[in-house]
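Analysis of the macromolecular model
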Amino acid sequence: EMMVFLIILSCLFFAGALVALPTRITIAPALSYIGLILLSLATKNGYPLLPLNGTILTGWFCMTLVVTLATFLTAPAVRAQTRGMGYMMVGALVGLAVGLLGFTVSSNISLLYSIMILAVIAGIFLGFLLYTQTPSGRHVGPGSGNFFRYLLAKGFPTAITVMQIGVVLVLIIALNNH
């Protein structure tokens with residue numbers, strides 16, 4: 001059935017986005033966005049499987065476009081760097097998991113989105129901060145002059161990629177709690 005095919009294909013794009021983050025950071029947010037688009041096309045009995053409307057898709061398209069262009073305009077040497085990406089990715093995923101616990105606090109979908117987004121950002125920041133405490137991360141530590149530059153160059157695409165997966169998970173949790 002087409003719905004199952006779109007769900008599987010979407011999951012593959014989300015997985016591909018996560019795999020691409022450390023080495024192909026320029027395309028990771030776009031792969032995640034394609035996963036979002038594919039899920040928006042999935043229907044069951046003529047109704048959308050998830051309420052991924054034009055507003056959500058347009059907003060994430062704009063964010064994906066901005067982060068992709070910003071990453072593309074980053075110096076090639078910075079773009080090629082993979083140091084600290086494991087810490088930021090684990091931080092983002094832990095932040096996402098913590099953020100998804102927001103449904104225990106409220107069933108308000110806007111609040112759930114906000115909690116998820118803030119938790120992913122906090123996870124990336126804390127993951128990068130942890131990396132700066134390792135011997136290989138000291139040169140980009142706070143006070144080095146490179147801390148925020150490197151954090152934004154790597155953290156911004158990581159955030160957009162993981163948050164798009166988070167949007168889907170927030171919607172699934174919200175639909176299953178009602």
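To start, this report covers the structure provided alongside it. Predicted, not measured: the structure shown is a model, and the values here were computed from it.

This next bit is on the side chain of Ser40. Tracing the backbone shows Ser40 in helix α2 (residues 28-41). Judged by its relative accessible area of 17%, Ser40 falls in the buried class. At 2.6 Å, the side chain of Ser40 and the backbone oxygen of Ile37 are in polar contact. Discounting residues that sit within four places of it in the chain, Ser40 has contacts with Leu52 and Leu57.

Below, the discussion takes up the nonpolar core. One finds Leu36, Leu52, Trp60, Met116, Val120, Phe128 and Val167 to be the most contacted residues of the largest nonpolar core, which totals 43 residues. Secondary-structure elements contributing two or more residues to this core are α1 (2-20), α2, α3 (54-73), α5 (85-100), α6 (109-131) and α7 (147-176). With residues near it in sequence (within four places) discarded, Phe128 still touches Met88, Val140, Phe147, Tyr150 and Leu151.

Attention shifts here to the packing of α2 against α7. Direction vectors running N to C along α2 and α7 enclose 15°, while the axes themselves pass 8 Å from each other. Judged by the angle between their axes, α2 and α7 are roughly parallel. Seen along the crossing, α2 lies across α7 with a hand that is left-handed. Residues Ala28, Pro29, Ser32, Tyr33, Leu36 and Leu39 of α2 lie in contact with α7, whose contacting residues are Pro157, Ile160, Thr161, Gln164, Ile165, Val167 and Val168. Grouping the constituent residues of the contact of α2 with α7 by class yields ten nonpolar, three polar and no charged.

Criteria and cut-off values
- Residues numbered from 1 in each chain as written.
- Predicted model: local features only at pLDDT ≥ 70, side-chain atom pairs only at ≥ 80, totals over all residues.
- Heavy atoms only, no water.
- Helix = DSSP H or I, 4+ residues; strand = E, 2+ residues; numbered from the N terminus.
- Buried < 20%, exposed > 50% of the residue type's maximum accessible area, 1.4 Å probe, protein only.
- Polar contact = N/O pair within 3.5 Å; in protein donor to acceptor, adjacent residues only side chain to side chain.
- Contact = heavy atoms within 4.5 Å.
- Core = buried A, V, L, I, M, F, W, Y, C linked by side-chain atoms within 4.5 Å.
- Axes fitted to C-alpha atoms, helices over the stretch in contact; angles between N-to-C directions.
- Parallel < 35°, antiparallel > 145°, perpendicular 65-115°, else oblique.
- Left-handed = near helix turned anticlockwise from the far one by under 90°.
- Nonpolar A, V, L, I, M, F, W, Y, C, P; charged D, E, K, R; others polar.

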